[in-house]
Each structure stands twice: as C-alpha cells, then as structure tokens.
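So the chains spell out like this:
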Amino acid sequence: MKTEFSLLTLSENFPDEESCIRYFEKMRWGDEVISPYDSNSKVYKCGNGKYKCKNTGRYFDVKTGTAFANTKLPMKAWFYAMMLFLSHKRGVSSCQLARDLGITQKTAWKMLHKIRQYMEMENSHTLSGEVEIDEAFVGGKNKNRHKDKKVEKCQGRSYKDKVPVFGAIERGGKIFVRVVPNTQAKTLVPIVKKNVEVGSSVYTDGWSYKGLEKKYTQMSVDHGKHFYGMLLVTEDGEVIEVTTNRIENAWSVFKRTMKGTYIHVSKKYLQRYVDEFVFRFNTRKISKYERIELLLQYAAA
C-alpha cells in the first residue's frame, strides 16, 4: 500500500476523515475487520465507522487500542502530525507542531509522545557480527550554567547532573539505546547479553565490561590516551577495524538533535526521545514515505 505523504499530496490522497479511516483500517485489518476484544468473534458493521463485537457486545472502531483512541482529534490531524514530525530530519517541537496544526501546545506535546511510543518498536532489535558499544551523558555543560546552578565535581564520567544512556550499533546495521541508572558493568553487561548475539565481536572505548569476555570477542580503544582506532590483519588476511567511531558519530547526531530541537528534556521522558532518535537512525536508508508507513504499521499492530 504505497502512498506519498507530503503537504501537496496529503490533501489529495486523504481529502476527508473517511479516507483516513479507511486507509488505517486496511493497514490494521486488511480485508476483514477483527475485534480487538475477541479475535474469533463475528463483527457487525454499524454507522459512523463503528463496529460491534458479537461475542462481547462491545463497540469499537479502527482507533480502539491504538494511540489514536480516546482522542477528539480526527485521524486527518494525526496523519498530518506524523508527516510533519518525520519530514523534518531532527524532529519538530510541540510548539512548532501546535502552530502548524492550529492546536494548543499541550495537545501537540501529547500527540508527539503518543507517536513516540510506537517508535519504541524500532529500539528492540538484536544485533550481531561486529558491534560497537558505548555510553553517553545527556545534560548541559557545567561551564554554561549560572553560578548559582553549577554542580561541583561533575566532569568526566560523573552523572551527578546528567543522565547516562547506553547504546550499541551493528556495523552496517541498526542501533539500540537505553537510558540507564548508571554505567557500572553489572548494569550494562546484562543489556549487552540480552541484545547482542553470543559470539559477536564487541568493540568498546576501554571502559570495563567485565563479564563479556567469555561469550564475546572484545577489543578496545582507549580514548583517555587519545587512541581512537587501529587496523589489525589476521594470518588469514582478514582486516579488523578496532574503533568505536560509529557509535560516537551516532551520539553526536543525537546530542545535536536534542540541543537544536528540544533544548531541554526531563529525565522522566528521555527514553521516549531516545526511541525517536533510534527510529530515525534505523530507518535512515528508506524514503520518508516508507518511514511514515512503517510508523503507521507499528501503530496498527
């Protein structure tokens, strides 16, 4: 089901609310409507896009059980919000979306967070092969703070005033990122074991990941000594690149997005913004239209 999502074509492809509902119904159910309350039940079609589940006697529509449920906003508004949100390379703020759609900032903020909850599905891939892992810290620089708000002894890997995030990237593949309480090995190693296939080659920046050496091939570079990578050649002629430059580049993109678009994000909602970044990163090789359709598929699942 290929549809072009742009300002010029959206009004042509989806001229009214009915067209948006039918499109989402096709994406969610295909040719046969399925009750969200009992998948084996017969379904009766009612008016105004409503259906009735025979076995439970409950009414539903295509939005039931999705982020679009229990909202007064029309589906067309959600389609426009998704299109605007994903058209901009580094996202769009709730203030900007509110101006574009003619809604309140509070409503736009809630819409964006509902959309982000489906982006989480892209942040659950299992990585394999050559995988780079690293941590980053989200928060402003101490030197830029007012003297009354400066935090003592917060340089380096201290996260007294910052939030640590941990990520891994498969070379030539996808990435996953988690907000973590700390950067201790007992916290990070289980995440690696859960999300990286046993037997993979893991590249680190020299930080201690005690517990990986038994099931993974682990190689490190020491950024503290300004050592950022090297090439090794095995006896079989295989060239091994020991570096974490790819995950470092990903952190750079992530931090520029946070600073340039969202400016300030609370720790409570940081994982949602992380999921947004991962979704954009993992879908960077597909078109904007395919990206929007993928997000709608996640919402319809």
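Please refer to the structure higher up on the page.
Attention here is on the structure that accompanies the text. As the structure is a computational prediction, the values presented were derived from the model and not from experiment.

A few words on the pattern of salt bridges. Throughout the structure, instances matching the rule amount to 10 salt bridges. For the salt bridge of E276 with R116, the shortest nitrogen-to-oxygen distance reads 2.8 Å. Of the two residues, E276 is situated in helix α8 (residues 270-282) and R116 in helix α5 (residues 105-119); the sequence distance between them amounts to 160 residues.

Here we take up helix α6 (residues 185-195). Three or more residues of α6 are buried, namely T187, L188, V189, I191, V192 and N195. Contacts from the buried residues of α6 go to β4 (130-138), β5 (163-170) and β6 (175-179).

So, on to the sheet that holds strand β2 (residues 51-53). Spatially, the 3 strands line up as an open sheet ordered β1-β2-β3, and their pairing is antiparallel. At either end of the open sheet lies a strand with only one pairing partner, and these are β1 (43-45) and β3 (59-60). Relative to β2, β1 runs antiparallel, the two sharing 3 bridges. Bridging from a neighbouring strand, Y44 pairs with K52 of β2.

So, about a positive patch on the surface. Judged by side-chain charge, K106, K110, K114, K268 and R272 come together as a positively charged surface patch. As for its position among the elements, K114 is in helix α5. In this structure K114 comes out as partly exposed when scored by relative accessible area, which is 31%.

Counting residues in each nonpolar core, the largest one holds 64 residues, and the members touching the most others are I175 and L270. Of all the elements, helix α3 (residues 75-87) adds the most residues to this core, at 11 residues.

Attention now goes to the side chain of E25. With respect to the helices and strands, E25 occurs in helix α2 (residues 17-29). Under the relative-accessibility criterion, E25 is labelled buried at 8%.

The rules behind each value
Residues numbered from 1 in each chain as written. Predicted model: local features only at pLDDT ≥ 70, side-chain atom pairs only at ≥ 80, totals over all residues. Heavy atoms only, no water. Salt bridge = Lys/Arg side-chain N within 4 Å of Asp/Glu carboxyl O. Helix = DSSP H or I, 4+ residues; strand = E, 2+ residues; numbered from the N terminus. Buried < 20%, exposed > 50% of the residue type's maximum accessible area, 1.4 Å probe, protein only. Contact = heavy atoms within 4.5 Å. Pairing = 2+ DSSP bridges. Patch = residues over 30% accessible without salt bridge, like charges linked within 9 Å, V, L, I, M, F, W, Y side chains within 5 Å. Areas by Shrake-Rupley, 256 points an atom, 1.4 Å probe, with all protein chains shown as cover. Lys, Arg positive; Asp, Glu negative; His and termini not counted. Charge placed at Lys NZ, Arg CZ, Asp CG, Glu CD. Core = buried A, V, L, I, M, F, W, Y, C linked by side-chain atoms within 4.5 Å.

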